[in-house]
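# Notes for the structure review
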Amino acid sequence: EQGNEVYFNTSERGKMLLKDNPYIDKLIPYVTNSIPLNKLDEFWNSLKETYECDKMINLCESLEVSLALHPVDPAYNLTKKERFAKCNKNYYDFTFEYAGYKGITGRLPELHITAEEENKVYEEIKALREDKGKIVLVELSGSGRNKVYPFMGYVVIDILEKYPNAHVITVGESGCKILEYPIEHDRLHFRSGVWSVRESFIATKLVDLVVSPDTGLLHASGCYDTPKIGLFGHSTIENVSKYFKNDYSLEADCSCAPCFRLIYDSMQCNIDNLTGGCYCMTVGMSAEKVFYKIC
């Protein structure tokens, strides 16, 4: 908006997400973990000089560490009240402020897709609409245990039983296949590891409802008016979906939530003995509560 050219240094995943973004003039590739942590500042400064950039905005740790606390950061051990005061801020608003642009609020995420990309996913979803029922897109897992909803299988079956013409599509990376395995139904369609991440994101535009933990798919659904239900355990509606259209998200109701912590190990989190899931995503969010919201 200020008339600048924008060069963006990002990993392969970032490149995939930013594909066809008209606001980026040059994507500079970065190979994940190719630079030692203590050399990153030197690396970024060298890029600034090489590409003759006038300004550098470093978004590393702008959300994870700043608002989603890392175990090595002292803030990880603040009291819940202190963590809430520090971290219960909208990710999108905060990112603008972190980048040096204060006062910009209420922006929605954007995904720039081609007609060819959309048509490919559209044709597959179109075939399911022959039953004239609703289509629900379900994300099975995010990047951590606190981004997995252990009761999702029960909720999916209840949807299919209550709505005879409904179809459910489950998505996730290839590791999510293990979460699909125990469930079988002729109106349940497994796409974990089949659809690319980008194809799954495009599907959020084309279905009737998106149900997802706090992970990339939920952010993608925020690009569109599609009704969506985010399942928030460690984070909040304020963090993610505050400005999303047709948002019906749920927050966990238990003593430890929201914790605003990145969870890498079971020792960092209260675990439900029955499911092995995080306390916030089990005790704090019953299957009945989620199913009732969907209905």
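To start, this report covers the structure provided alongside it. Worth saying up front: this structure is predicted, and the values here are computed from it rather than measured.

Strand order in the open sheet made by the 6 strands is S5-S4-S3-S6-S7-S8, with parallel pairing throughout. Every other strand in the sheet has two partners, leaving strand S5 (188-190) and strand S8 (250-251) as the edge strands with one partner each. In terms of strand pairing, strand S7 (residues 228-232) meets S8 through 2 bridges, oriented parallel. Counterpart to Phe 232 in the pairing with S8 is Glu 251. Taken strand by strand, helix H5 (residues 115-128) contacts strand S3 (135-139), strand S4 (167-171) and S5, and its axis lies near 145 degrees from that of S4. Packing of helix H6 (residues 152-162) onto the sheet brings it into contact with S3, S4, S5, strand S6 (209-213) and S7, and relative to S4 it is tilted by some 160 degrees.

This next bit is on a nonpolar patch on the surface. A surface patch of nonpolar side chains, amounting to about 240 Å² of accessible area, comprises Ile 57, Leu 59 and Tyr 98. With respect to the element layout, Ile 57 can be found in the loop between helix H2 (40-50) and helix H3 (80-87). Given the relative accessible area of 39%, Ile 57 is considered partly exposed.

Before going further, it helps to examine H2. What H2 keeps buried is the set Leu 40, Phe 43, Trp 44 and Leu 47. All buried residues of H2 project into a common sector of 95 degrees when viewed along the axis, lining one side. The exposed set on the far side of H2, more than 90 degrees from its buried face, consists of Asp 41, Glu 42 and Glu 49. Each element contacted by the buried residues of H2 is listed here: strand S1 (7-10) and strand S2 (26-29).

Another aspect to go through is the pattern of salt bridges. All chains considered together, the criterion is met by 10 salt bridges. Put simply, Lys 205 and Glu 118 hold a salt bridge, and the shortest N to O gap is 3.0 Å. Note that Lys 205 is positioned in helix H8 (residues 197-206) and Glu 118 in helix H5, a separation of 87 residues in sequence. Owing to a relative accessible area of 35%, Lys 205 belongs among the partly exposed residues under this scheme. Taken together, the shared-partner salt bridges in this structure form one network comprising Lys 19, Asp 20, Glu 117 and Arg 198.

This part is about the packing of H6 against helix H10 (residues 287-294). One can describe the packing of H6 onto H10 by two numbers: an axis separation of 10 Å at closest approach and a directional angle of 40 degrees. Regarding the angle of H6 to H10, the classification is oblique. Here H6 and H10 pass one another in a crossing that is right-handed. On H10, the residues that touch Val 155, Asp 158, Ile 159 and Lys 162 of H6 are Ala 287, Val 290, Phe 291 and Ile 294. Class assignment of the residues belonging to the contact of H6 with H10 gives a composition of 6 nonpolar, no polar and 2 charged.

Conventions adopted
- Residues numbered from 1 in each chain as written.
- Predicted model: local features only at pLDDT ≥ 70, side-chain atom pairs only at ≥ 80, totals over all residues.
- Heavy atoms only, no water.
- Pairing = 2+ DSSP bridges.
- Helix = DSSP H or I, 4+ residues; strand = E, 2+ residues; numbered from the N terminus.
- Contact = heavy atoms within 4.5 Å.
- Axes fitted to C-alpha atoms, helices over the stretch in contact; angles between N-to-C directions.
- Patch = residues over 30% accessible without salt bridge, like charges linked within 9 Å, V, L, I, M, F, W, Y side chains within 5 Å.
- Areas by Shrake-Rupley, 256 points an atom, 1.4 Å probe, with all protein chains shown as cover.
- Salt bridge = Lys/Arg side-chain N within 4 Å of Asp/Glu carboxyl O.
- Buried < 20%, exposed > 50% of the residue type's maximum accessible area, 1.4 Å probe, protein only.
- Arc of directions from axis to C-beta.
- Parallel < 35°, antiparallel > 145°, perpendicular 65-115°, else oblique.
- Left-handed = near helix turned anticlockwise from the far one by under 90°.
- Nonpolar A, V, L, I, M, F, W, Y, C, P; charged D, E, K, R; others polar.

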